[in-house]
Amino acid sequence: MKSFVIVSIIVILTLLLAPLMSSCQPEPTQLPPTPTSTPMLTPTPTPSLTSTPAATELEVHFIDVGQGDAILFDLQDIEVLIDGGDRTSGVVSYLKGYVDGALEVMIATHPHADHIGGLIDVLAAFEVKQIWHNGDTATSKTYSDFMSAVNAEKAKVSVATGGNVIEADGLSFKVLNPANLKESTNNNSIVLHLAFGEIDFLFTGDAEREAEGVMLIASDMPVPDVEILKVGHHGSKTASSADFLAVTSPEVAIYMAGGGNTYGHPHEETIQALLAVGAEIFGTDAHSNIVITTDGEKYELQLETTAPTPTPTPTPTLTPTPTPTPEKVANVQITRIFYDGLVKSVESDEYVEITNLGTGSVDLAGWVLKDISEGYSTFIFPSYVLQPGKSVRVYTNEIHPEYGGFSFGSGKAVWNNTDPDMAALYNAQGQEVSRKSY
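The following paragraphs examine the structure supplied in this document. In this text, all values refer to a predicted model and were calculated from it rather than measured experimentally.

Cut-offs used in this document
Residues numbered from 1 in each chain as written. Predicted model: local features only at pLDDT ≥ 70, side-chain atom pairs only at ≥ 80, totals over all residues. Heavy atoms only, no water. Helix = DSSP H or I, 4+ residues; strand = E, 2+ residues; numbered from the N terminus. Buried < 20%, exposed > 50% of the residue type's maximum accessible area, 1.4 Å probe, protein only. Contact = heavy atoms within 4.5 Å. Areas by Shrake-Rupley, 256 points an atom, 1.4 Å probe, with all protein chains shown as cover. Axes fitted to C-alpha atoms, helices over the stretch in contact; angles between N-to-C directions. Left-handed = near helix turned anticlockwise from the far one by under 90°. Phe/Tyr/Trp six-rings, centres within 6.5 Å; stacked < 30°, edge-to-face > 60°. Lys NZ or Arg CZ within 6 Å of the ring centre and 35° of its normal. Pairing = 2+ DSSP bridges. Right-handed = clockwise from strand over helix to strand, strands pointing away. 1 Å grid on protein atoms, 1.4 Å probe; cavity = no way out; pocket = protein on both sides within 12 Å on 5 of 7 lines; lining within 4 Å. Points joined across faces, edges and corners; volume = space filled by probe spheres on them. Nonpolar A, V, L, I, M, F, W, Y, C, P; charged D, E, K, R; others polar. Arc of directions from axis to C-beta. Patch = residues over 30% accessible without salt bridge, like charges linked within 9 Å, V, L, I, M, F, W, Y side chains within 5 Å. Salt bridge = Lys/Arg side-chain N within 4 Å of Asp/Glu carboxyl O. Lys, Arg positive; Asp, Glu negative; His and termini not counted. Charge placed at Lys NZ, Arg CZ, Asp CG, Glu CD.

Here we take up the overall build of the chain. In terms of helices and strands, the chain carries 8 helices and 25 strands. By the burial criterion, 46% of the 438 residues in the chain qualify as buried. In the chain, the proportion of contacts linking residues at least 24 apart, taken out of those at least 6 apart, comes to 63%. Of the roughly 22800 Å² of accessible surface on the chain, a fraction of 55% belongs to carbon and sulfur atoms.

In contact at an axis separation of 9 Å, helix α3 (residues 113–125) and helix α4 (residues 141–153) are set at 35 degrees when each is read in the N-to-C sense. The handedness of the crossing between α3 and α4 is left-handed. Mapping the contact onto sequence places Ala-113, Ile-116, Gly-117, Leu-119, Ile-120 and Leu-123 in α3 and Thr-142, Tyr-143, Asp-145, Phe-146, Ala-149, Val-150 and Glu-153 in α4.

Moving on, we come to the packing of aromatic side chains. Geometrically, a pair of aromatic rings is defined through the distance of the ring centres and the angle of the planes. All told, the structure shown has 12 aromatic pairs when counted by the stated rule. Consider the rings of Phe-379 and Phe-406, whose centres lie 5.7 Å apart with planes at 55 degrees: the pair is tilted. Placement of the pair is Phe-379 in strand β20 (residues 376–380) and Phe-406 in strand β23 (residues 406–407), with a sequence separation of 27 residues. Through successive ring pairs, a cluster of aromatic residues spans Phe-62, Phe-73, Phe-173, Phe-201 and Phe-203. Between the NZ or CZ atom of Arg-393 and the centre of the ring of Tyr-403, over which it lies, the distance is 3.8 Å.

Within the secondary structure, Met-422 sits in strand β24 (residues 422–426). Relative accessible area serves as the criterion here: at 7%, Met-422 is assigned to the buried category. For the pair Met-422 and Asp-371, spaced 51 residues apart in sequence, the C-alpha to C-alpha distance is 6.0 Å. In this structure, Met-422 is in contact with Tyr-263, Lys-370, Asp-371, Ile-372, Ser-373, Trp-415, Arg-435, Lys-436 and Ser-437, ignoring residues within four places of it in sequence.

Moving on, we come to the pairing of strand β12 (residues 252–255). Of the two faces of β12, the one holding Val-252 and Ile-254 and the one holding Ala-253 and Tyr-255 are both buried throughout. Bridge analysis of strand β11 (residues 228–230) against β12 gives 3 bridges, and the strand direction is parallel. The residue bridging Lys-230 from the neighbouring strand is Ile-254, located in β12. In this fold, the crossover linking β11 to β12 by way of helix α6 (residues 242–248) has right-handed handedness. Summarising the sheet, β12 and strand β13 (residues 280–283) pair through 4 bridges and their orientation is parallel. When the sheet's bridge partners are listed, Tyr-255 is paired in β13 with Gly-283. Remark: the β12/helix α7 (residues 268–276)/β13 crossover connection has right-handed handedness.

Here we take up empty space enclosed by the protein. The gaps left among the atoms become clear once a water-sized probe is rolled over them. All told, the structure shown has 1 cavity of 30 Å³ or more when counted by the stated rule. Put simply, the largest cavity is a space of about 50 Å³. Lining the largest cavity we find Ala-108, His-110, Pro-111, Ile-116, His-133, Asn-134, Asp-136, Tyr-143, Phe-146 and Met-147. The biggest single contributor to the lining of the largest cavity is α4, with 3 residues. Of the residues contributing to the lining of the largest cavity, the split by class is 6 nonpolar, 3 polar and 1 charged.

Looking now at α7. Taken residue by residue, α7 has Thr-270, Ile-271, Leu-274 and Leu-275 as its buried positions. Buried positions in α7, seen along its axis, are confined to an arc of 135 degrees and lie on one side of it. Of the surrounding secondary structure, the elements contacted by the buried residues of α7 are β11, α6, β12 and β13. Once α7 finishes, Gly-278 follows within two positions and takes phi at roughly 85 degrees, a positive value.

Let's shift gears to the environment of Gly-66. Within the secondary structure, Gly-66 is located in the loop between β1 (58–62) and β2 (71–75). Note: C-alpha distance between Gly-66 and Asp-86 (20 residues apart in sequence) is 8.5 Å. Excluding anything up to four places from it in sequence, Gly-66 contacts Ala-257 and Gly-258.

Inspection of the secondary structure assignment puts Tyr-143 in helix α4. On a C-alpha basis, the gap between Tyr-143 and Gly-117 in space is 7.7 Å, while along the polypeptide they are 26 residues apart. Apart from the residues within four sequence positions on either side, Tyr-143 is in contact with Pro-111, Ile-116, Asp-136, Thr-137 and Ala-138.

To continue, consider a negative patch on the surface. Taken together, the side chains of Asp-77, Asp-100, Glu-167 and Asp-169 make up a negatively charged region of the molecular surface. Along the chain, Asp-169 turns up in the loop between β7 (165–168) and β8 (171–177).

Here we take up the pattern of salt bridges. Following the criterion strictly, the structure yields 7 salt bridges and no others. Of the charged contacts, one joins Glu-104 and Lys-129 as a salt bridge, the two residues approaching to 3.7 Å between their closest N and O atoms. Residue Glu-104 is found in strand β4 (residues 103–108), and its partner Lys-129 is found in strand β5 (residues 128–133); the two are separated by 25 residues along the sequence.

Nothing here speaks to function; it is all geometry.
Structure below.
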């Protein structure tokens, strides 16, 4: 009995202490998870802001089309064309290497054949979205054909005047000229200022000193200081006045002229004026195609052909010479071209008037009068002595003995059928002594 009681007590105590003993057992050790390594982040640099995105480059092509202008702007898939040379310029073949799809903008600076002739083929070869011209007209077949092609294109056509802005995605051309049309076709040329980032261009067409003077006093459209200047009128001395060059102050001056052209472009006076303002001079006659590439901060020049850069002419040392005895000198000049339609009912036929403005007589035997704009209609003088102060006329078809009795003998018009039309007079040695256009 006693042993039973003891056993019972042990059992009871075991049952009572079991929960306490289980609560005192140590919990299994939990190993912490293995940490995941954190990657090192390299901070992305903040790009510096510039006026033109570094990835965007503009190419400006001064295309060698001989005696004429043609300038292409290529900004990725945006293309703008100023002028196209004459009808034989071949500008289309050049453009096909650069134009992506349509031409966004075509600009005809003025209606002379050496600027709009090539645009006729451009309109046939490419879709053109916008066409700008200056509103001036001409009587030439080239102008008539050009306007027919413009009307057939169904593009947006606009007339540019001073203060307009011509827009193509990423390119904005400010029109500085003409404020209004004048009698001079050249001075009615569209003049354009393009600012691409920090690089400024000025394109002057055939604008001459008169138009330059008007632009210089236009306070609402100031003439800019530029890096690149397209020299006016193929480098003629009739453009690029000292005042205009002083204001524009170009670093690079590019003239567009044909090699050995009959106009003598560029004139030495223009070259020296450009050198006087520190411009580096390049021309399509010497360097062929010229391309300027710019990112808006700097620019590079690429020349298809290298040639010597013009340098200032040294001032010669003058040696006094004795005063010669005055001699009688002939000075024979073309003084007038009268063409059909100039004045109604005054003359029945066209003529060119040639005057001896000198003090000596001259025998015109073997002298040649030629229509050099078209390369034909040539008259060779027989023996004829032209006295000082006297004039002689060469008519297109009729004979007028009172004016020498000379005639081309042509049944159709010789003058005013190209734009510009030009007559040249050569002496018996083949030297040009005078020329006149209108």
